[in-house]
Number of protein chains: 4
Amino acid sequence: MVFEYPIRVEWGDCDPAQIVFYPHYYRWMDEATLHLFEHVGLGWTALRETYGVPGLPLISTHADYKRPSVFGDRLTVNVRVSDWGRTSLTVSHTFLNGDHVSVEGWEKRIWSHPDPDRPGRLIPAVIPEDVKAKFA
Amino acid sequence: MVFEYPIRVEWGDCDPAQIVFYPHYYRWMDEATLHLFEHVGLGWTALRETYGVPGLPLISTHADYKRPSVFGDRLTVNVRVSDWGRTSLTVSHTFLNGDHVSVEGWEKRIWSHPDPDRPGRLIPAVIPEDVKAKFA
Amino acid sequence: MVFEYPIRVEWGDCDPAQIVFYPHYYRWMDEATLHLFEHVGLGWTALRETYGVPGLPLISTHADYKRPSVFGDRLTVNVRVSDWGRTSLTVSHTFLNGDHVSVEGWEKRIWSHPDPDRPGRLIPAVIPEDVKAKFA
Amino acid sequence: MVFEYPIRVEWGDCDPAQIVFYPHYYRWMDEATLHLFEHVGLGWTALRETYGVPGLPLISTHADYKRPSVFGDRLTVNVRVSDWGRTSLTVSHTFLNGDHVSVEGWEKRIWSHPDPDRPGRLIPAVIPEDVKAKFA
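The written sequence of each chain sets the order in which its residues are numbered from 1. Throughout, the order in which chains and ligands are written sets their labels, letters from A for the former and numbers from 1 for the latter. Since the coordinates come from a predicted model, pLDDT governs what is reported: local features require at least 70, and pairs of side-chain atoms require 80 or more to be given and counted, while whole-chain, interface and lining totals use all residues. Each side-chain value is worked out from all heavy atoms of the structure, with water and hydrogens disregarded.

**Examining the overall build of chain A**
Only DSSP runs of H or I covering at least 4 residues are called helices, and only runs of E covering at least 2 are called strands; the numbering of each starts at the N terminus. Of the regular secondary structure elements, chain A holds three helices and seven strands. Starting at the N terminus and walking to the C terminus, you meet the elements of chain A as β-α-α-β-β-β-β-β-β-α. Along the longest, intermediate and shortest principal axes, the C-alpha atoms of chain A span 50 × 30 × 25 Å. For chain A, buried positions account for 54% of its 136 residues. Whether two residues are in contact is decided by their heavy atoms, any of which lying within 4.5 Å being enough. For chain A, restricting intrachain contacts to residue pairs at least 6 apart in sequence, the fraction spanning at least 24 positions comes to 62%. About 5,900 Å² of surface is accessible on chain A, with carbon and sulfur atoms providing 50% of the total. Charge counting treats Lys and Arg as positive and Asp and Glu as negative, with His and both chain ends excluded. Charge coordinates come from a single atom per side chain, which is NZ of Lys, CZ of Arg, CG of Asp or CD of Glu. Across chain A, the 14 positively charged side chains and the 18 negatively charged ones have centroids separated by 3 Å. Residue burial is assigned from relative accessible area. The probe radius is 1.4 Å, only protein chains are included, and a residue is buried under 20% of its type maximum, exposed over 50%, and partly exposed in between. Using a 1.4 Å probe, the Shrake-Rupley method yields the accessible areas, and only the shown protein chains count as cover for residues.

Written out as structure tokens, the structure is:
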């Protein structure tokens, strides 16, 4: 299942070279991941109340830059869970700009529960099968 | 009492017109205010623990733009409390770029306590005289 | 004429107090202004090619904060030109969050031409009547 | 040669989970890279005027998150060129927070010249040996 997250490149997203300042692609990945999860019924409230998951902490993030985007471009992020581990998952993001790919990126995140021994800290938890099924 | 907060204008702070994207001046004002408060011994922890103040919510903010700044400029923000009300205060910010003023701005904020009737909300509180004295 | 610019408050727009970090309201005002201008046929390309206007430099910006917004809120910015000067204009922004106003703000900007005496600099120019008419 | 770039985690860098919102680590990497280059005498002006290099476009970026940072933390980024290719280079960034590593990241960038056939576009160029020597 692939979710499409639309982006319009705004003036303030671009740098003096007149292209997108690259950290914004990561901002958009974070947004696209949350919107994907909401789309399958796993918004932050559902994650917390149904699954006891206070957040999806990051292990790693990555991006490959294919072609710059400029002010006014309308991009589509194709976002999906591309890999399920036992306690982690990888969310992949393809930024399309018209007929070409602008950026390919991914975020590896942990499915977490509160750590019973350390208040405020999180520990990895096993991802339920019914969660995985929502993204099929 | 005037505190000097130094800023270097970074690449990502500038827009395709090759000048600072204006919301960053407000980001720097927020930072300069917190550094001013820390400088007089009123960091976030002291505010909360000594005065029961969980934050300084905003009433209004304002900026007048005199001259643009560009990538690589080194600015100094002269920040001070310019006005004390009974439950509010105004923090003024002068952005100096070499020998000229780049931006003049201010933030009007509330001295607050937790609202006993509405958990998570804040209400205005009278500013203690010893707080005002720290900024003299 | 009032243009409606929709905003969804994203995770990264919010601070540790779990409300919108205020400089983002100015980012959204800048975006809303450009979208308003595009809506009436005055995108950046038209401004430059039809009117010789390379940009709309800022004189002042201002915001009054009425009520905080939080992650996941869907806001509407009602944006309009609220005042026309001879060489300047004021763009007003009302941020609606459901049935209440979250923020009221404005930007005062210059209608500009390139300065013939100083390459790369701008000077104020008289706003044509047909431009004003587009916003009626 | 390792350059140390200091960071103070500001209020607006943190999210509702009260930790650094991860795209800011990439913003800091971009800053640290430019400061490293300036430190060895290769600021943007020198790159352009001495070497005909208008910028260092990105191929890929990556980060591994070890431990969150919070408001008020003072980090040091240890930044260095960790790999030289024929026309590309990798800049590595270790974010230290007191005695532990918070984030490890890298940026792979192109040494570029203007493309003579396509105005405004860049093409990879061979990295001069004297440039590499500056970072030894």
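**Details of the packing of aromatic side chains**
Only Phe, Tyr and Trp rings are paired, with Trp represented by its six-membered ring, and only when their centres lie within 6.5 Å; those with planes under 30 degrees apart are stacked, over 60 edge-to-face, the remainder tilted. What the rule picks out here adds up to 46 aromatic pairs over all chains. For the ring pair Y26 of chain B and Y26 of chain C, a centre distance of 3.7 Å and an interplane angle of 5° mean the geometry is stacked. Of this pair, Y26 of chain B sits in helix α1 (residues 23–39) while Y26 of chain C is found in helix α1 (residues 23–39), placing the two residues in two different chains. Looking at Y26 of chain C, the relative accessible area reads 0%, which means it is buried.

**Considering the interface of chain A and chain D**
Taken residue by residue, the interface counts 20 residues in chain A and 20 residues in chain D. Here chain A and chain D share an interface that buries about 1,500 Å² over both sides, 56% of which is from carbon and sulfur atoms. Simply put, the buried area is the total loss of 1.4 Å probe accessible area from both parts when two parts are fitted together. Looking only at chain A, the three residues that lose the most surface to chain D are Y22, T61 and Y65 of chain A, adding up to 34% of its buried area. Salt bridges are defined by distance alone: a side-chain nitrogen of Lys or Arg within 4 Å of a carboxyl oxygen of Asp or Glu. For the pair chain A and chain D, the number of links is zero salt bridges. Where the side of chain A that touches chain D is concerned, the elements lending two or more residues are α1 (23–39), β2 (58–65) and β5 (100–110) of chain A. No other element matches β2 of chain A, which puts eight residues into the side of chain A that touches chain D. Lys, Arg, Asp and Glu make up the charged group, whereas Ala, Val, Leu, Ile, Met, Phe, Trp, Tyr, Cys and Pro make up the nonpolar group; the residues left over, Gly among them, are polar. In terms of residue class, the side of chain A that touches chain D is built from ten nonpolar, three polar and seven charged. Inspection of the sheet shows β2 of chain A paired to strand β2 (residues 58–65) of chain D by five bridges, in the antiparallel sense. In the strand pairing of β2 of chain D, T61 of chain A is matched with A63 of chain D. DSSP bridges decide pairing: two strands pair if at least two such bridges lie between them.

**Some points on the relation of the copies chain A and chain D**
The copies are overlaid by a least-squares fit using only the C-alpha atoms of residues whose pLDDT is at least 70 in both copies. The transformation that overlays chain A on chain D combines an axial shift of 0.0 Å with a rotation of 180°, and the residual RMSD is 0.0 Å. Between the two chains, the operation in question is that of a two-fold axis. Across chain A, the smallest distance between a C-alpha and the rotation axis is recorded for H62 of chain A, namely 2.2 Å. Taken together, the interface assignments show that 100% of the residues at the interface of chain A recur at the interface of chain D, consistent with an identical surface on both copies.

**Some thoughts on the pattern of salt bridges**
Within this structure, the stated rule accounts for 32 salt bridges over all chains. Here R27 of chain A and E31 of chain A are joined by a salt bridge, their closest N and O atoms 3.4 Å apart. With a gap of four residues between them, R27 of chain A and E31 of chain A both fall in helix α1, about one helical turn apart. Residue R27 of chain B pairs with D13 of chain B through a salt bridge whose shortest N-O separation is 2.8 Å.

**Quick notes on the sheet that holds strand β3 (residues 74–84) of chain A**
In space, the ten strands of this open sheet follow the order β1(A)-β3(A)-β4(A)-β5(A)-β2(A)-β2(D)-β5(D)-β4(D)-β3(D)-β1(D), with antiparallel pairing throughout. Because the sheet does not close on itself, it has two edges, and the strands there are β1 (3–8) of chain A together with β1 (3–8) of chain D. Averaged over neighbouring strand pairs, the angle between their axes works out to 20° when direction is ignored. The axes are straight lines fitted to the C-alpha atoms, using for helices just the contacting stretch, and the angles between their N-to-C directions are given from 0 to 180°.

**Re the sheet that holds strand β2 (residues 58–65) of chain B**
In space, the ten strands of this open sheet follow the order β1(B)-β3(B)-β4(B)-β5(B)-β2(B)-β2(C)-β5(C)-β4(C)-β3(C)-β1(C), with antiparallel pairing throughout. Of all the strands in the sheet, the pair left with one neighbour each is β1 (3–8) of chain B together with β1 (3–8) of chain C. The average angle at which neighbouring strand axes cross in this sheet is 20°, direction not considered. Both strand β2 (residues 58–65) of chain C and strand β5 (residues 100–110) of chain C contribute to a ladder of seven bridges, which runs antiparallel. Residue pairing for β5 of chain C: T61 of chain C is matched across the bridge by E107 of chain C.

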